[in-house]
Amino acid sequence: MNDEILDPLDAELARARSGERAALAALVQAHQRAVYSLALRMLGTRDLAEDLTQDVFMQLNGNLRAIESNKHLGFWLRQVTSNRAIDQLRRRARVPMTSLDDEQQLFSAEDNADPLLQRHLRALLSDLSPPARAVLLLRYQEDLDPTDIALTLDMPINTVKSHLKRSLETLRERTFGTQPARCEDNST
Amino acid sequence: MSKEIESRVHAALRPVAPSEEFSQKLLARVMAAQPVQPKPRRLLGAGARPLAWWLTASLAACLILAVGVQQHLEQQRLQQSGLEARREVVEALRMTSQKLNLAYEAVKNQSTSLSDEKSGV
């Protein structure tokens, strides 16, 4: 029904806006996982992801009064994290997607995790342009629909849809297609 | 096939938690940061920015005008002193010419009287 009234973090947000540090800490704890994951999968290394996560939350401290609800806060955090990661990736000519230490951390360690798919997914993420990478992560990590992704990245909805379609087609081709040798080459 | 791969990507891309050490460091930094105070309202209203722009533009225009006028006056002063110098040179030439005429007349009179004396003998 009305999520904004029922969301307990809205009360924390109101307290944080009035200057209560503990309430801000609660908001950070609630959102740090999403921000960190987005930063990690966009930038590819833990150090860069931690720096970006910290910068985003410090920026939040200065913009807290502009945030109207916990839902708005989620939108704001995703937007700032995505845009700053895209800017960072564009500033650097070529970025290694992961360091060896981060390879395991890049994906969730589920019991039924598919290592082949994870390998292809990692290769796909490193091949995608920064905006296309953000689109894929917002869709499947943050579970946003294309309309929300378009709003978050300030991108036409048709561009979002075409990024998603192309990314999935590439992943499907690499995972189930007839080119396993190429995938093996990427992994070594 | 499409739904299957989407659900598998979805599962693989579940959010991962940062390290406990980083999480503690982040919280400590956020707690230590100064809460942002609301900005005091400006005395000038919403039109302050255009007003400031107009003031700056007017000052710049006045400055350009003053420089232009000063250059024009300097040019006029130079022109005036040039005319004055020319007038003085013309005056000097006129005076020199007068003196030369007087000298010529004197020499001419002297030579006439000498020839009269010779013819009188």
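Residues numbered from 1 in each chain as written. Chains lettered and ligands numbered in written order. Predicted model: local features only at pLDDT ≥ 70, side-chain atom pairs only at ≥ 80, totals over all residues.

**A short note on the overall build of chain B**
Here is step 1: The helix and strand inventory of chain B stands at three helices and zero strands.
Here is step 2: Secondary structure elements of chain B, listed N to C terminal, follow the sequence α-α-α.
Here is step 3: Across the 121 residues in chain B, those meeting the buried criterion constitute 5%. (Helix = DSSP H or I, 4+ residues; strand = E, 2+ residues; numbered from the N terminus. Buried ≥ 20, exposed ≤ 12 C-beta atoms within 10 Å, placed from the backbone.)

**Here we look at the environment of R122 of chain A**
Here is step 1: Position of R122 of chain A relative to the elements: it lies in helix α6 (residues 115-127).
Here is step 2: Along the primary structure R122 of chain A and R41 of chain A are separated by 81 residues, whereas in three dimensions their C-alpha atoms are 8.7 Å apart.

**Details of the confidence of the model for chain B**
All names here are of chain B.
Here is step 1: Model confidence for chain B is summarised by a mean pLDDT of 86, while 88% of its residues fall at 70 or above.
Here is step 2: Taking the mean pLDDT of every element in chain B, the minimum, 81, falls on helix α1 (residues 2-12) and the maximum, 91, on helix α3 (residues 48-120).
Here is step 3: For this predicted complex, the interface score ipTM comes out at 0.76, while the overall pTM is 0.65. (pLDDT = per-residue confidence, 0-100.)

**Focus on the confidence of the model for chain A**
Residues and elements named next belong to chain A.
Here is step 1: In the predicted model, chain A carries a mean pLDDT of 82, and 79% of its residues have values of at least 70.
Here is step 2: Mean pLDDT across the elements of chain A bottoms out in helix α10 (residues 180-187) (40) and peaks in helix α8 (residues 146-153) (94).
Here is step 3: This stretch, residues 178-188, has a pLDDT under 50; its non-local contacts, to residues over four places away or in other chains, come to six contacts. (Contact = placed C-beta atoms within 7 Å.)

**What about the interface of chain B and chain A?**
Here is step 1: Contacts between the two partners involve 26 residues from chain B and, on the opposite side, 36 residues from chain A.
Here is step 2: Among the secondary structure elements, those contributing two or more residues to the side of chain B that touches chain A are α1 and α2 (20-32) of chain B.
Here is step 3: When the residues that make up the side of chain B that touches chain A are grouped by side-chain class, the tally is 19 nonpolar, three polar and four charged. (Nonpolar A, V, L, I, M, F, W, Y, C, P; charged D, E, K, R; others polar.)

**Here's the deal with the nonpolar core**
Residues and elements named next belong to chain A.
Here is step 1: Counting residues in each nonpolar core, the largest one holds 44 residues, and the members touching the most others are A39, L43 and L137.
Here is step 2: Here this core gets 10 residues from one element, more than from any other, and that element is helix α3 (residues 21-43).
Here is step 3: In terms of domain composition, this core takes at least three residues from each of domain 1 (1-99) and domain 2 (107-188). (Core = buried A, V, L, I, M, F, W, Y, C linked by C-beta atoms within 7 Å. Domains from an automatic or database assignment.)

**What to know about the packing of helix α9 (residues 157-176) of chain A against α1 of chain B**
Here is step 1: Axis separation between α9 of chain A and α1 of chain B bottoms out at 11 Å; the angle between their running directions is 95 degrees. By the criterion of interaxial angle, the relationship of α9 of chain A to α1 of chain B is roughly perpendicular. Only S2, I5, E6 and V9 of chain B of α1 of chain B make contact with α9 of chain A, whose side of the interface consists of L168, L171, R172 and T175 of chain A.
Here is step 2: Counted by class, the contact of α9 of chain A with α1 of chain B contains four nonpolar, two polar and two charged residues. (Axes fitted to C-alpha atoms, helices over the stretch in contact; angles between N-to-C directions. Parallel < 35°, antiparallel > 145°, perpendicular 65-115°, else oblique.)

**Looking at α6 of chain A**
Here is step 1: Taking 1.5 Å of rise per residue, the 13 residues of α6 of chain A would be expected to cover 18 Å, and the 18 Å separating its terminal C-alpha atoms lies within 8% of that figure.
Here is step 2: Those residues of α6 of chain A that fall on the buried side of the exposure criterion are L117, Q118, H120, L121, R122, L124 and L125 of chain A. (Expected span 1.5 Å × (residues − 1).)

**Points about helix α7 (residues 130-140) of chain A**
Here is step 1: Among the 11 residues in α7 of chain A, eight count as buried, and that is most of the element.
Here is step 2: Residues of α7 of chain A that are buried sit in contact with α3, α5 (70-91), α6, α8 and α9 of chain A together with α1 of chain B.

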